[in-house]
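Structural description and commentary
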Amino acid sequence: MYFMYYSEDDLTTKLLVAAIWMLDTLHILFVYHVLYYYLIVSYGTPTSLEYIVWSFPASVLANSTVSVIVQCFFAHKIYHLCRRQLRWLVTAPIILIVLICFGFGIASAALLFVNNTDNFAAYTRFYSSIPAAFAIALAEVLVTVSLCVLLYD
């Protein structure tokens, strides 16, 4: 649909849309694998819940990558909408927080890949997933407020 309705967009935007579409599809496939493993393959085996299947951290990594690409795209748009004096003042905090979110996403995925037990998942949630959620929320608020202010003018 995008490629039919927005055929006049430049090549980089089209490639970005295609990359996000493929990464998001990969993320959904990983989530499907997690559900299939726990609900079909391991049905009736409560001990299987003690271990995290490999596709769960892979889905975290794919979702973090999609998130950083989209938010960097919005930061790029905000950069070009801002006046020359305010460009870096507005976009630098957004980019910094987005990179922090990506770092937390990579850390969560790496920790879950290395230690795939249920007890370690609670540890990972406390030290990397919860701060990542707050950082993502802050980045989303900054992007939204910046776009609302810039597009209102």
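An account of the accompanying structure is given in this report. What you are looking at is a predicted structure, and each value in this text was computed from that prediction instead of being measured.

Cut-off values and rules
Within every chain, residues take consecutive numbers counted from 1 along the sequence as written. Selection of residues for local features in this predicted model requires a pLDDT of at least 70, selection of side-chain atom pairs for listing and counting requires 80 or more, and totals for whole chains, interfaces and linings are taken over all residues. Excluding hydrogens and water, the side-chain figures rest on all heavy atoms present in the structure. Counting from the N terminus, the helices are the DSSP runs of H or I reaching at least four residues and the strands are the DSSP runs of E reaching at least two. For a compact globule the rule gives 2.2 Å times the number of residues to the power 0.38, and the radius of gyration it is set against comes from C-alpha atoms. Type-normalised accessible area, obtained with a 1.4 Å probe on protein chains alone, sets the label of each residue: buried when under 20%, exposed when over 50%, and partly exposed for intermediate values. Whether two residues are in contact is decided by their heavy atoms: any pair within 4.5 Å suffices. All accessible-area figures derive from a Shrake-Rupley calculation using a 1.4 Å probe, and residue coverage is judged against the displayed protein chains alone. For the purpose of charge, His is not counted, nor are the chain termini; Lys and Arg are scored as positive and Asp and Glu as negative. Where a charge sits is defined by one atom per residue type, namely NZ (Lys), CZ (Arg), CG (Asp) or CD (Glu). The nonpolar core is taken to be a set of buried Ala, Val, Leu, Ile, Met, Phe, Trp, Tyr and Cys residues, with the residues joined through side-chain atoms within 4.5 Å. Take the residue count of a helix, subtract one, and multiply by 1.5 Å to get its expected span. A fitted line through C-alpha atoms serves as each axis, taken over the contacting stretch for helices, and the angle formed by two N-to-C directions is quoted from 0 to 180°. By the definition adopted for this analysis, an angle is roughly parallel if under 35 degrees, roughly antiparallel if over 145, roughly perpendicular if from 65 to 115, and oblique otherwise. Less than a right angle of anticlockwise turn of the near helix away from the far helix marks a crossing as left-handed, whereas a clockwise turn marks it as right-handed. Under the grouping applied here, Gly and all other residues not named as nonpolar or charged are polar, the nonpolar ones being Ala, Val, Leu, Ile, Met, Phe, Trp, Tyr, Cys and Pro and the charged ones Asp, Glu, Lys and Arg.

1. Quick notes on the overall build of the protein
- Looking only at helices and strands, one finds 5 helices and 0 strands in the protein.
- The linear arrangement of helices and strands in the protein, starting from the amino end, is α-α-α-α-α.
- Relative to the compact-globule value of 15 Å for 153 residues, the protein shows a C-alpha radius of gyration of 19 Å, a clear excess of over 25%.
- Summarising its shape, the C-alpha atoms of the protein cover approximately 60 × 40 × 20 Å along the three principal directions.
- Looking at the protein as a whole, 27% of its 153 residues qualify as buried.
- Across the protein, every contact between residues at least 6 apart in sequence was considered, and the portion connecting residues at least 24 apart equals 64%.
- Accessible area for the protein stands at about 10200 Å²; split by element, carbon and sulfur atoms hold 72% of it.
- Side-chain charges of the protein comprise 6 positive and 8 negative groups, with the mean position of each set lying 14 Å from the other.

2. Examining the nonpolar core
- Membership of the largest hydrophobic core is limited to 12 residues, which are Val68, Ala75, Ile78, Cys82, Ile94, Ile97, Val98, Cys101, Ala135, Ala139, Val143 and Leu147.
- Elements represented by at least two residues in this core include exactly α3 (55–81), α4 (87–114) and α5 (118–152).
- Ile94 has contacts with Ala75, Ile78, Leu142, Val143 and Ser146, leaving out every residue within four places of it along the chain.

3. Side note on α3
- With 27 residues, α3 extends 39 Å between its outermost C-alpha atoms, agreeing within 8% with the 39 Å of an ideal straight helix rising 1.5 Å per residue.
- Buried within α3 are the following residues: Ser55, Pro57, Ala58, Ser59, Ala62, Ser64, Val66, Val68, Gln71, Ala75 and Ile78.

4. Details of the packing of helix α2 (residues 11–41) against α3
- Direction vectors running N to C along α2 and α3 enclose 155 degrees, while the axes themselves pass 8 Å from each other. Here α2 is positioned roughly antiparallel relative to α3, judged by the angle of their axes. Seen along the crossing, α2 lies across α3 with a hand that is left-handed. In this structure, α2 uses Leu16, Ile20, Leu23, Asp24, His27, Phe30, Val31, His33 and Val34 to contact α3, whose residues at the interface are Ser55, Phe56, Ala58, Ser59, Ala62, Asn63, Thr65, Val66, Ile69, Val70 and Phe73.
- By residue class, the composition of the contact of α2 with α3 is 13 nonpolar, 6 polar and 1 charged.

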